[in-house]
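Structure at a glance
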Amino acid sequence: MSIDAWDEIRTAYHVARLGTVSGAAEVLGVHHATVIRHIDSLEKRLGTKLFQRHARGYTATEAGQDLMQVAQATDDQFTQLASRLKGRGDSVTGELVVTSIESLSPLLSPVLAEFQMANPGVTVRFVTGDRVFRLEYGEAHVAIRAGTAPNEPDNVVQRYSTIQIALYASRKYLGGRALPIPEEELPQEKFMGYENMDSRAPFYRWMEDNVPRQNIVMRGSDGRSVKHAIRAGIGLGFMASWEASQYEDLVQVVEPKPEWAAPLWLVTHVDLHRTAKVQAILAHLKSAADSWTLA
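Note that the coordinates shown come from a computational prediction; the quantities given were computed from them, not determined experimentally. (Residues numbered from 1 in each chain as written. Predicted model: local features only at pLDDT ≥ 70, side-chain atom pairs only at ≥ 80, totals over all residues. Heavy atoms only, no water.)

1. Regarding helix H10 (residues 276–289)
In this model, H10 (14 residues) spans 20 Å end to end at C-alpha, consistent with the 20 Å of a helix rising 1.5 Å per residue. Along H10, the residues that are buried comprise Lys277, Val278, Ile281, Leu282, Leu285, Ala288 and Ala289. Considered in projection along H10, the buried side chains sweep an arc of 130 degrees and stay on one side of the axis. Elements that come into contact with the buried residues of H10 comprise strand E3 (94–100), helix H5 (105–118), strand E5 (142–146), strand E6 (155–163) and strand E12 (262–269). (Helix = DSSP H or I, 4+ residues; strand = E, 2+ residues; numbered from the N terminus. Expected span 1.5 Å × (residues − 1). Buried < 20%, exposed > 50% of the residue type's maximum accessible area, 1.4 Å probe, protein only. Arc of directions from axis to C-beta. Contact = heavy atoms within 4.5 Å.)

2. Some remarks on the pattern of salt bridges
Enumeration over the complete set of coordinates arrives at 16 salt bridges. Of the charged contacts in the structure, one is a salt bridge between glutamate 95 and arginine 125, with a shortest N-O distance of 3.6 Å. Of this pair, glutamate 95 sits in strand E3 while arginine 125 sits in strand E4 (residues 122–128); the two residues are 30 residues apart in sequence, bridging distant segments of the chain. Given the relative accessible area of 40%, glutamate 95 is considered partly exposed. Put simply, glutamate 208 and arginine 213 hold a salt bridge, and the shortest N to O gap is 3.8 Å. One network of salt bridges, with partners in common, ties together Asp40, Glu43, Lys49 and Arg53. (Salt bridge = Lys/Arg side-chain N within 4 Å of Asp/Glu carboxyl O.)

3. Topic: the environment of serine 161
If you trace the backbone, serine 161 turns up in strand E6. Put simply, serine 161 and glycine 233 are 72 residues apart on the chain and 30 Å apart in space, counted from C-alpha to C-alpha.

4. A short note on the sheet that holds strand E11 (residues 250–252)
Taken in spatial order, the 3 strands of this open sheet run E10-E7-E11, and their pairing is antiparallel. In this open sheet, the two edge strands, each paired with only one partner strand, are strand E10 (237–240) and E11. Going across the sheet, the axis of each strand differs from the next one's by a mean of 55 degrees, ignoring polarity. Relative to E11, strand E7 (residues 165–170) is paired through 3 bridges, and the arrangement is antiparallel. Its bridge partner being in E11, serine 170 is matched across the sheet by leucine 250. (Pairing = 2+ DSSP bridges. Axes fitted to C-alpha atoms, helices over the stretch in contact; angles between N-to-C directions.)

5. Some thoughts on the packing of aromatic side chains
The geometry of an aromatic ring pair is captured by the separation of the ring centres together with the interplanar angle, meaning the angle of the planes. Following the criterion strictly, the structure yields 9 aromatic pairs and no others. Seen from their ring centres, tyrosine 194 and tyrosine 204 are 5.2 Å apart, and the 15 degrees between their planes marks the pair as stacked. With tyrosine 194 in strand E8 (residues 191–194) and tyrosine 204 in helix H7 (residues 202–210), the pair connects residues that are 10 residues apart, well separated along the chain. Given the relative accessible area of 15%, tyrosine 194 is considered buried. Given a relative accessible area of 9%, tyrosine 204 falls into the buried group. Among the aromatic residues, those joined into a ring-pair cluster are Phe191, Tyr194, Phe203, Tyr204, Trp206, Phe238 and Trp260. Sitting over the face of the ring of phenylalanine 133, arginine 131 holds its NZ or CZ atom 4.0 Å from the ring centroid. Residue placement shows arginine 159 over the ring face of tryptophan 265; its charged tip is 5.0 Å from the ring centre. (Phe/Tyr/Trp six-rings, centres within 6.5 Å; stacked < 30°, edge-to-face > 60°. Lys NZ or Arg CZ within 6 Å of the ring centre and 35° of its normal.)

6. Regarding the packing of helix H2 (residues 21–28) against helix H3 (residues 32–46)
Where H2 contacts H3, the axes come no closer than 8 Å and their chain directions differ by 105 degrees. As the angle between them shows, H2 and H3 are arranged roughly perpendicular. Counting all contacts with H2, which are made through Val21, Ala24 and Ala25, the residues of H3 involved are His32, Val35 and Ile36. Residue classes in the contact of H2 with H3 are distributed as 5 nonpolar, 1 polar and no charged. (Parallel < 35°, antiparallel > 145°, perpendicular 65-115°, else oblique. Nonpolar A, V, L, I, M, F, W, Y, C, P; charged D, E, K, R; others polar.)

7. Concerning the side chain of histidine 269
Following the sequence through the fold, histidine 269 ends up in strand E12. Judged by relative accessible area, histidine 269 falls into the buried class, the value being 9%. At a separation of 3.1 Å, a polar atom in the side chain of histidine 269 contacts the main-chain amide nitrogen of aspartate 271. The contact partners of histidine 269, leaving out residues within four places of it in the chain, are Leu135, Glu136, Asp154 and Asn155. (Polar contact = N/O pair within 3.5 Å; in protein donor to acceptor, adjacent residues only side chain to side chain.)

8. Digging into the confidence of the model for the protein
Averaged over every residue, the pLDDT of the protein is 87; the share at 70 or more is 93%. E11 holds the highest mean pLDDT among the elements of the protein, 96, whereas helix H4 (residues 62–88) holds the lowest, 68. (pLDDT = per-residue confidence, 0-100.)

9. A look at the packing of H5 against H10
Taken N-terminus to C-terminus, the directions of H5 and H10 make an angle of 130 degrees; their axes are 10 Å apart at the nearest point. With respect to their mutual orientation, H5 and H10 come out oblique. Remark: the crossing between H5 and H10 carries right-handed chirality. Packed against H5, whose contacting residues are Leu108, Val111, Leu112, Glu114 and Phe115, the element H10 presents Lys277, Ala280, Ile281, His284, Leu285 and Ala288 at the interface. In terms of residue class, the contact of H5 with H10 is built from 8 nonpolar, 1 polar and 2 charged. (Left-handed = near helix turned anticlockwise from the far one by under 90°.)

The structure is reproduced here in structure tokens:
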């Protein structure tokens with residue numbers, strides 16, 4: 001339904017409700033000639049008479065009464081929608097969509113669960129994966145991204161935290177050898193790599209540039225497959241230090257390079273950034289990060 005058609009239907013609704021052109025014109029804030037033009041145009045569009053004209057005003061025909069019922073329901077829905085939209089920005093309720101990379105799920109899931117329990121009127125959707133959600137299209141309220149600072153226009157970007165990344169191997173693979181492994185000997189080791197050989201992550205770029213292709217003996221498409229293969233003893237692989245520290249069978253084999261670290265960013269769209277719901281989750285996320293030990 002076009003805007004013009006809805007204007008005409010709304011006009012007909014008020015004429016049917018009030019019974020006069022002048023009454024509808026006053027409610028709508030338009031000239032009575034506009035009301036008459038809308039009625040004539042709508043009747044021509046629909047191919048039927050909506051009103052009986054008489055000296056006292058306009059009386060809806062059977063077709064006009066049917067139209068009035070539909071128009072009233074539509075008008076009520078628009079009124080309810082406007083009310084919800086007006087109040088939504090001032091309350092911590094409704095759906096909240098947060099997106100991040102899958103590897104951050106163990107850190108963020110408990111934080112988001114705490115937020116939901118503290119705000120029972122909120123339904124949290126936590127969506128993880130490599131796809132970059134388009135905040136300008138309303139795909140998410142908050143994105144937590146890793147790597148270089150996002151630069152999409154109209155997004156508010158805040159530095160969040162830093163994930164330390166290092167090379168790890170299982171005790172099974174190392175077999176009691178001395179650590180750290182000299183850096184010049186690293187290319188001779190077996191490695192667990194990432195499926196996407198064009199990954200922009202600096203630590204995977206280091207691997208592709210320094211380790212012979214034949215020594216990357218297995219590749220995985222996500223952090224879980226990489227972690228499980230490292231723990232199984234296949235070779236060296238990159239992991240976040242906070243996660244690797246949870247497993248006694250994993251050992252850091254070399255001092256991590258500063259450029260391997262992964263900065264985290266909080267990203268919101270400028271149109272939603274100041275809403276109560278987004279400000280509440282941002283504050284909660286920042287407070288939680290203060291207690292993280294990520295080195």
